[in-house]
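Letter by letter, the chains look like this.
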Amino acid sequence: MSRFIDFKLNKQIINALDDLEFAKPTPIQKEVIPKVLAGNDVIGIAQTGTGKTAAFLIPIVRKLNYSQGEKPRCLIIVPTRELSIQVQEHFQNIAKYTDLKIVALYGGSGKSKQIEGLNGADVIVGTPGRVLELYTERHLYLKSIQYMVIDEADMMLDMGFLPQVNRLLEIIPSKKRQNLLFSATMSPNAKKLTEDFLEYPFIVRLDSDNKIPVKIDQIVYYTSNFKTKVNLLESLLTKKDFEKVVIFLRIKGDANNLFKFIQRKIDSEAAIIHGNKEQNTRLNAIKKFKEGSSKILIATDIASRGMDVDHVSHVINFDVPSNADKYVHRIGRTGRVFSVGQAITFCNPAEKYFLKKIEDQINSKIKALPIPSDVDIPETPLEEKKNYDRLIDFQKQKENPDYKGAFHKKKKKSPKNSKKKFK
Ligand code: AMP
C-alpha cells in the first residue's frame, strides 16, 4: 500500500495528513498501520526519523475515533519530557479534525496544570515516573486503557525506568489491551520487556538495527587535539552553509563551555540543551531551534533523545560517541524522513578506537576529509598528549590484557626524574 487512503482511514485523518504534507506512508508506516488497525500487538524496531511516531498514532486516532468522555483509553509511555510534548503535538496534528483530547504528563514541571488537563483526556502520553505518581495520588484512572504504547523502549531501560514500566503493566488490565512497543535497538533487556508486555506480536524491523538512513552523508575529520577541534568548528560554522546544525558533546560541562564560546564568537542566538538545564530552558531552546531563530543547537546525548526537528541540515559530533547506538541516534537528527543531511564527526587520537568500533557496527567506513588549510593546527599541549596516551593504553589493555602499555612503561622507568622536571 503506497497511499494513506489505501488504509481506509477516515476523512478527518486524511485531511490532517494532507495538512501535514505527508504525501505517502514511510516504510515503517506501511508495515505498522494495517497491523495495528487489525488489532495486533506490534514491535517496531526503528529509529526516530523513520516516521515511527505517526506509524502508531495514525491507527490509534482511527481506532479511538471520537472522544467518549471521561476515561482515558490510550496510554503512551516515553522516556523524556521532550518526547512527551513532541508526541502530544504530533497527536494533536493528526487528530486535529476530531474531538480527541491528549494530555502530556512529565516531571520537572508543576502538577496542577497537568492534573487539570486530565479532565476528559482520551490519551495520556507521559514519562513513567509522573504517570505512576499521578496514578498513586488518584488523579489518573488507568483501568480503562485499551491501547498501550511503549516508545523508545531501549532508552527507557537505559534510563532505569524498568521498575516503573513493570508497575504500570501490573496496574493496567492486560485483558483486551492492545500493545505496541517501539525501540531503536533490541537489547536483551528490551527483548525481555517485549516478552512480558506483548502477546504474539508482529515484529516490524526496519533493516538492521544500526542501519543509517542512506540520505545522510557521513564525514570524519581527524584532529590532533582539542584546540584544533575548536578552530575547525569555527571555520566550518562561519564558512559552510548551515541551515540548522546540532552539535553534540558527551559531557555537560564541555557542552556549556562550547556554548559560551559559540555565543561569543559565532552566533549569539545559539541554543543549548542538556540534562541540567531547567525544563523551561530546554523547551525554549528546542522551540527557538525549531522555529529557526536559533540555527545552532548544542546538545548532550540524553537531552536530545527523540528530539524531532525538521530540516536539520548538519549534525556535528564534536566528540565521538562511546557506542554505535548513540552515533546512529545523533546523526539521525539529520536526513529525517524524506530530506537529506550531513553528519560531521571530529575525532581525536584517543577517539579513533570508538570510531573504528562504530564503523564496524554500522558496517561502513566513514569518509575522512583533510582539515581545511585555513584551520590553525596548534601543537598538542603535553598534558593533553599524555591524556590521549593514557586512554589509548587503556583501550589496548582492554583488547589485550597482556599489553603493558607504552605510557605506563615510561612512567615506571623514571618516576623521580619526571617529578624533577616539573619543579
Ligand atoms: P519520527 O520518526 O516519528 O520521529 O518522525 C520524524 C519526522 O517525520 C516527523 O517530523 C514527522 O512529522 C515526519 N513524518 C512522519 N511521517 C511522515 C510521512 N509519511 N511523510 C513525511 N513526513 C513524515
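Note that the structure is predicted; figures quoted are calculated from it, not measured.

1. Considerations on the pattern of salt bridges
For step 1, the next point in the chain: If you walk through the whole model with that rule in mind, you get 22 salt bridges.
For step 2, the next point in the chain: Taking the shortest distance from any N to any O, the salt bridge between aspartate 389 and lysine 385 comes out at 3.0 Å. Of this pair, aspartate 389 and lysine 385 are both found in helix 16 (residues 382-399), 4 residues apart, which corresponds to roughly one turn of the helix.
For step 3, the next point in the chain: For lysine 385, a relative accessible area of 41% corresponds to the partly exposed category.

2. Details of unusual backbone geometry
For step 1, the next point in the chain: Unusually for a residue other than glycine, glutamate 21 sits at a positive phi of about 60 degrees.
For step 2, the next point in the chain: By the element assignment, glutamate 21 lies in the loop between helix 1 (11-19) and helix 2 (27-37).
For step 3, the next point in the chain: A positive phi angle, near 55 degrees, is found at glutamate 152, a position not held by glycine.
For step 4, the next point in the chain: Within the secondary structure layout, glutamate 152 lies in the loop between strand 5 (147-150) and helix 7 (153-158).

3. Concerning the side chain of glutamate 384
For step 1, the next point in the chain: With respect to the helices and strands, the residue glutamate 384 is situated in helix 16.
For step 2, the next point in the chain: Within the buried set, glutamate 384 has no salt-bridge partner at all; the shortest N-O distance to an opposite charge, 8.0 Å, is to lysine 229.
For step 3, the next point in the chain: At 2.6 Å, the side chain of glutamate 384 forms a polar contact with the backbone nitrogen of phenylalanine 226.
For step 4, the next point in the chain: A distance of 2.5 Å separates polar atoms of two side chains, one belonging to glutamate 384 and the other to tyrosine 388.
For step 5, the next point in the chain: Non-local contacts of glutamate 384, meaning those with residues more than four positions away in its chain, are made with Asn225 and Phe226.

4. Section: the domain arrangement of the protein
For step 1, the next point in the chain: Assigned domains of the protein: these are domain 1 (4-205) and domain 2 (216-375).
For step 2, the next point in the chain: Placing the centre of domain 1 and that of domain 2 at their C-alpha centroids yields a distance of 29 Å.
For step 3, the next point in the chain: For the pair domain 1 and domain 2, the summed buried surface comes to about 1700 Å²; carbon and sulfur atoms form 53% of the total.
For step 4, the next point in the chain: Along the contact surface separating domain 1 from domain 2 lie 1 salt bridge.
For step 5, the next point in the chain: With its nearest N and O atoms 3.6 Å apart, the salt bridge here joins lysine 290 to glutamate 89.
For step 6, the next point in the chain: The tally of links between domain 1 and domain 2 comes to 0 residue pairs in polar contact (both at pLDDT 80 or more).
For step 7, the next point in the chain: Those elements that place two or more of their residues in the side of domain 1 that touches domain 2 are helix 4 (81-94) and helix 7.
For step 8, the next point in the chain: Among the elements that make up the side of domain 1 that touches domain 2, the one with the highest residue count is helix 4 (6 residues).
For step 9, the next point in the chain: Across the side of domain 1 that touches domain 2, the residue classes break down as 6 nonpolar, 11 polar and 6 charged.

5. Considerations on the packing of aromatic side chains
Here a ring pair, both rings aromatic, is described through the centre-centre distance and the interplanar angle of the planes.
For step 1, the next point in the chain: Taken as a whole and assessed by the stated rule, the structure comprises 6 aromatic pairs.
For step 2, the next point in the chain: Pairing phenylalanine 226 with phenylalanine 318 gives two aromatic rings, centres 5.9 Å apart and planes at 75 degrees, and the pair type is edge-to-face. Here phenylalanine 318 lies in the loop between strand 12 (314-317) and helix 14 (324-331) and phenylalanine 226 lies in helix 10 (residues 226-239), a separation of 92 residues in the sequence.
For step 3, the next point in the chain: Both rings, one in tyrosine 353 and one in phenylalanine 354, keep their centres 5.4 Å apart while their planes meet at 75 degrees; by these two values the pair is edge-to-face.

6. With respect to the confidence of the model for the protein
For step 1, the next point in the chain: Looking at the protein, the pLDDT average stands at 87 and 91% of residues meet or exceed 70.
For step 2, the next point in the chain: Throughout residues 410-423 the model reports pLDDT below 50, and contacts reaching past four residues in sequence, or to other chains, amount to 2 contacts.

7. Considerations on the environment of arginine 390
For step 1, the next point in the chain: On the secondary structure map, arginine 390 appears in helix 16.
For step 2, the next point in the chain: According to the relative accessible area criterion, arginine 390 is partly exposed, its value standing at 34%.
For step 3, the next point in the chain: Distance from arginine 390 to valine 204, taken between C-alpha atoms, is 43 Å for residues 186 residues apart in sequence.

Cut-offs and rules
Residues numbered from 1 in each chain as written. Predicted model: local features only at pLDDT ≥ 70, side-chain atom pairs only at ≥ 80, totals over all residues. Heavy atoms only, no water. Salt bridge = Lys/Arg side-chain N within 4 Å of Asp/Glu carboxyl O. Helix = DSSP H or I, 4+ residues; strand = E, 2+ residues; numbered from the N terminus. Buried < 20%, exposed > 50% of the residue type's maximum accessible area, 1.4 Å probe, protein only. Lys, Arg positive; Asp, Glu negative; His and termini not counted. Polar contact = N/O pair within 3.5 Å; in protein donor to acceptor, adjacent residues only side chain to side chain. Contact = heavy atoms within 4.5 Å. Domains from an automatic or database assignment. Buried area = accessible area lost by both parts, 1.4 Å probe. Nonpolar A, V, L, I, M, F, W, Y, C, P; charged D, E, K, R; others polar. Phe/Tyr/Trp six-rings, centres within 6.5 Å; stacked < 30°, edge-to-face > 60°. pLDDT = per-residue confidence, 0-100.

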